[in-house]
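Descriptive analysis of the structure
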Amino acid sequence: MIDTIQLKLTADDVRGVNFLEETPCYLNDVGVHTYTDDETTITGTVGNLKIYVKKYRLKLENSLCKWYLGDNYKTMRRGDVQCAVERLSDTLHLPVDKATVTRLDVAKNIIVKHPVSVYLNHLGQMKYATRLEQPNSVYYSTSNKCLCIYDKNQEQRAKQEPIPELYQDRNVLRIEQRYRRRVGKQFNVAAVTCAMLYDEQFYIQMVKRWKQAYTDINKINDIIPNFECMRTVKEFKDCAVLAYVEAVGGELAMCSHINEAHKQGKLTNKPAHDLRQTVKSACRLGKGLTVKSEAITELDEKVLKAIRYYR
């Protein structure tokens, strides 16, 4: 499930190695650059991987999955990660397993029944994350990570890259958790090393976090009135409120809109309080009044299935 990574290997990790003198001979498309600090940087590639070399450190970035498996539609399992790191170590003549991971993308492509836009329309807010919607994707961003859900085939077409035969004329939804910075802190360790990426316990934790990120999204469900449970006009009105709340992304999103209007002076204290209470009351009443979208039920099942075979 690992895709894009950024790795940093320093002279402290590899004693006695001068990266500038020893590494460039193993690279393709080599270029030499001198920047304002007068420190020489050599750039090059190993397949699709980009390598940046300075005297005391080396940085590597791009899709490890594409480099090892040929494209990033495939799922890079734990054994694949270990083999890829070993091959990369042999190629660069460096112990890549000792490198520190400074960015990590954990991703899975899921073939779904309907166009990807159908599923995106049912993805609401996520607590503590900023939601950004694009025509073919939804992003949930925090300061250090981002959950991206998007149409993988549409992305390939936009990049003018080939779509593997298995995925042609299919609806391919990609769920991608990007750890963009402070990777070690997010996994409660001093640093995540490349060797940890194929450690069984760490890999299991990584996959579970991928699934949990998807689970944390508030799903926007289809609403139908349950007249068997409805006894009063108030309950009918609560059902209507609930339908509207779900349409704008759920309780958290609706309360956020109310709070914003309050701060802007469009609502005074009492109306803002009363509206929040109305929303909370309708959401508490909601059990039995909502029916899950068939599309979300399908996606939930496929996400759960995806983590059963993580090794």
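Now for a description of the structure that goes with this document. Quick caveat, the model's predicted, so the values are computed rather than measured.

**Focus on the side chain of Asn144**
Structurally, Asn144 is set in the loop between β9 (137–141) and β10 (145–151). If sequence neighbours within four positions are ignored, Asn144 has contacts with Arg178, Tyr179, Arg180, Arg181, Arg182 and Gln186.

**So, the pattern of salt bridges**
Enumeration over the complete set of coordinates arrives at 15 salt bridges. Residue Lys159 pairs with Glu155 through a salt bridge whose shortest N-O separation is 3.5 Å. For Arg174, the salt bridge goes to Glu176, with nearest N and O atoms at 2.7 Å. An identical accessibility class is assigned to Arg174 and Glu176; each is buried.

**Side note on the pairing of strand β1 (residues 2–10)**
Looking along a regular strand, one sees side chains alternate from face to face of the sheet. Burial within β1 is extensive, with seven of its nine residues counted as buried. Pairing of β1 with strand β5 (residues 57–63) involves seven bridges; the strand directions are antiparallel. The residue of β5 that forms the bridge with Lys8 is Lys59.

**Describing the side chain of Arg174**
Its place among the elements puts Arg174 in strand β11 (residues 171–179). A distance of 2.9 Å separates polar atoms of two side chains, one belonging to Arg174 and the other to Asp3. Looking at Arg174, its side chain comes within polar contact range of the side chain of Asn109, at 3.0 Å. Excluding its chain neighbours within four sequence positions, the residues that come into contact with Arg174 are Asp3, Asn72, Ala107, Lys108, Asn109, Cys148, Ile149, Tyr150 and Lys152.

**A word on helix α11 (residues 294–306)**
For α11, which comprises 13 residues, the first-to-last C-alpha distance of 18 Å matches the rise-based estimate of 18 Å (1.5 Å per residue) to within 8%. Looking only at α11, the buried set comprises Ala295, Ile296, Glu298, Leu299, Val303 and Ala306. Projection of α11 onto a plane perpendicular to its axis shows the buried side chains occupying an angular sector of 155°, all on one side. Summarising the contacts, the buried residues of α11 are in contact with β6 (100–112), α4 (116–120), β7 (123–126), β11, α7 (200–215) and β12 (217–219).

**Re the nonpolar core**
Of all hydrophobic cores here, the largest spans 67 residues; its most connected members are Leu60, Leu104, Ile149, Ile175, Leu197 and Tyr214. Every residue in contact with Leu60, bar those within four places of it in the chain, is listed here: Ile5, Gln6, Leu7, Leu49, Lys50, Ile51, Leu88 and Leu92. Membership of the second largest hydrophobic core comes to eight residues, among which are Val245, Met254, Ala261 and Val279.

What counts and how
- Residues numbered from 1 in each chain as written.
- Predicted model: local features only at pLDDT ≥ 70, side-chain atom pairs only at ≥ 80, totals over all residues.
- Heavy atoms only, no water.
- Helix = DSSP H or I, 4+ residues; strand = E, 2+ residues; numbered from the N terminus.
- Contact = heavy atoms within 4.5 Å.
- Salt bridge = Lys/Arg side-chain N within 4 Å of Asp/Glu carboxyl O.
- Buried < 20%, exposed > 50% of the residue type's maximum accessible area, 1.4 Å probe, protein only.
- Pairing = 2+ DSSP bridges.
- Polar contact = N/O pair within 3.5 Å; in protein donor to acceptor, adjacent residues only side chain to side chain.
- Expected span 1.5 Å × (residues − 1).
- Arc of directions from axis to C-beta.
- Core = buried A, V, L, I, M, F, W, Y, C linked by side-chain atoms within 4.5 Å.

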